[in-house]
Amino acid sequence: MTAITITDAAHDYLADLLSKQNTPGIGIRIFITQPGTQYAETCIAYCKPGEEKSEDTALGLKSFTAYIDSFSEAFLDDAVVDYATDRMGGQLTIKAPNAKVPMVNADSPVNERINYYLQTEINPGLASHGGQVSLIDVVEDGIAVLQFGGGCQGCGQADVTLKEGIERTLLERIPELKGVRDVTDHTQKENAYY
């Protein structure tokens, strides 16, 4: 169960906003960009029917449904969405104390740490090109085998991105990792290290 609190004042404010959208069944979607990093931003967006993702957690509220992004969910623990009125009107506030807290530590399995940094640091940058990278396996000698997808697939710069950006970031974060390799890299293992 998601430990997120949406106060009555926030609920009523959001319900009022949603009622003006003239879209039956519209709800909200709550997600965090770059969760677990210092750049984490908690976001609330309109969510028209069909825009929610299958892995979202649906939170049925009195007047609408709030969809919680599955990857952001752990970072939304103890989050509070509130609406505070003042003489200037009012403001929706979101306090998410765990949004910037990494959900992995030095004792977490290597593959969990790799996935965490791919999701929080690497993929947000690749998303602007419509691309993403995913972990296939960690093979002997501490080599992470990654697969590019979306706009990165077949991109002439993918190998530069892999070595300059992704490998450097992962090696900084995960000391026992020795390197990364693209799943499409079919070079002989013995020739792969210079």
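Residues numbered from 1 in each chain as written. Predicted model: local features only at pLDDT ≥ 70, side-chain atom pairs only at ≥ 80, totals over all residues. Heavy atoms only, no water.

The protein is annotated in an unreviewed UniProt entry as Fe/S biogenesis protein NfuA from Pseudomonas frederiksbergensis. According to the UniProt record, the Function (unreviewed entry) comment for the protein reads "Involved in iron-sulfur cluster biogenesis. Binds a 4Fe-4S cluster, can transfer this cluster to apoproteins, and thereby intervenes in the maturation of Fe/S proteins. Could also act as a scaffold/chaperone for damaged Fe/S proteins." The UniProt entry for the protein carries the following comment under Subunit (unreviewed entry): "Homodimer." (UniProt positions renumbered as here; feature names shortened; annotations may be inferred.)

Caption draft 1: Molecular detail of the domain arrangement of the protein. On domain assignment, one finds that the protein holds domain 1 (4-95) and domain 2 (110-182). One C-alpha centre belongs to domain 1, the other to domain 2, and the line joining them spans 31 Å. Contacts between the two partners involve 6 residues from domain 1, matched on the other side by 5 residues from domain 2. Buried surface at the junction of domain 1 and domain 2, both sides included, amounts to about 420 Å², of which 70% is carbon and sulfur. Sorting the residues of domain 1 by area buried against domain 2 places Gln34, Thr37 and Phe71 first, and these three jointly supply 71% of that buried surface. Along the contact surface separating domain 1 from domain 2 lie 0 salt bridges. At the junction of domain 1 with domain 2, the criterion picks out 1 residue pair in polar contact (both at pLDDT 80 or more). Classifying every residue of the side of domain 1 that touches domain 2 by side-chain character gives 3 nonpolar, 3 polar and no charged. (Domains from an automatic or database assignment. Contact = heavy atoms within 4.5 Å. Buried area = accessible area lost by both parts, 1.4 Å probe. Salt bridge = Lys/Arg side-chain N within 4 Å of Asp/Glu carboxyl O. Polar contact = N/O pair within 3.5 Å; in protein donor to acceptor, adjacent residues only side chain to side chain. Nonpolar A, V, L, I, M, F, W, Y, C, P; charged D, E, K, R; others polar.)

Caption draft 2: Quick look at the pairing of strand 7 (residues 89-95). Examined bridge by bridge, strand 6 (residues 79-86) and strand 7 share 7 bridges and lie antiparallel to one another. Along strand 7, the bridge assignment pairs Tyr83 with Leu92. If you look at the hairpin formed by strand 6 and strand 7, you'll find 2 residues sitting between the two strands. (Pairing = 2+ DSSP bridges. Helix = DSSP H or I, 4+ residues; strand = E, 2+ residues; numbered from the N terminus.)

Caption draft 3: Here's a closer look at the UniProt feature "domain: NIF system FeS cluster assembly NifU C-terminal" (unreviewed entry) in the protein. Annotation from UniProt places "domain: NIF system FeS cluster assembly NifU C-terminal" (unreviewed entry) at residues 114-180. Spanning residues 114-180, this segment combines 45% helix with 28% strand, and its end C-alpha atoms are found 11 Å apart.

Caption draft 4: Up close: the state of the cysteines. Throughout the structure, instances matching the rule amount to 0 disulfides. The thiol sulfur of Cys43 is not disulfide-bonded, and the nearest other cysteine sulfur, from Cys47, lies at 14 Å. A relative accessible area of 1% means that Cys47 is categorised as buried. (Disulfide = S-S within 2.5 Å. Buried < 20%, exposed > 50% of the residue type's maximum accessible area, 1.4 Å probe, protein only.)

Caption draft 5: Quick look at the sheet that holds strand 1 (residues 4-6). Spatially, 1-6-7 is the arrangement adopted by the 3 strands of the open sheet, whose pairing is mixed. The two strands at the open ends of the sheet, each matched to only one other strand, are strand 1 and strand 7. With direction set aside, neighbouring strand axes in the sheet form an average angle of 20°. Those strands touched by helix 1 (residues 8-19) are strand 1, strand 6 and strand 7, and its axis lies near 75° from that of strand 6. (Axes fitted to C-alpha atoms, helices over the stretch in contact; angles between N-to-C directions.)

Caption draft 6: Quick look at the nonpolar core. In terms of nonpolar packing, the biggest core is built from 42 residues, with Leu118, Leu146, Ile166 and Leu170 touching the most fellow members. If you tally residues by element for this core, the top one is helix 2 (residues 110-127), at 6 residues. Both domain 1 (4-95) and domain 2 (110-182) contribute no fewer than three residues apiece to this core. With sequence-adjacent residues up to four places away left out, Ile166 is seen in contact with Leu118, Ile122, Leu126, Val133, Leu146, Phe148 and Thr161. (Core = buried A, V, L, I, M, F, W, Y, C linked by side-chain atoms within 4.5 Å.)

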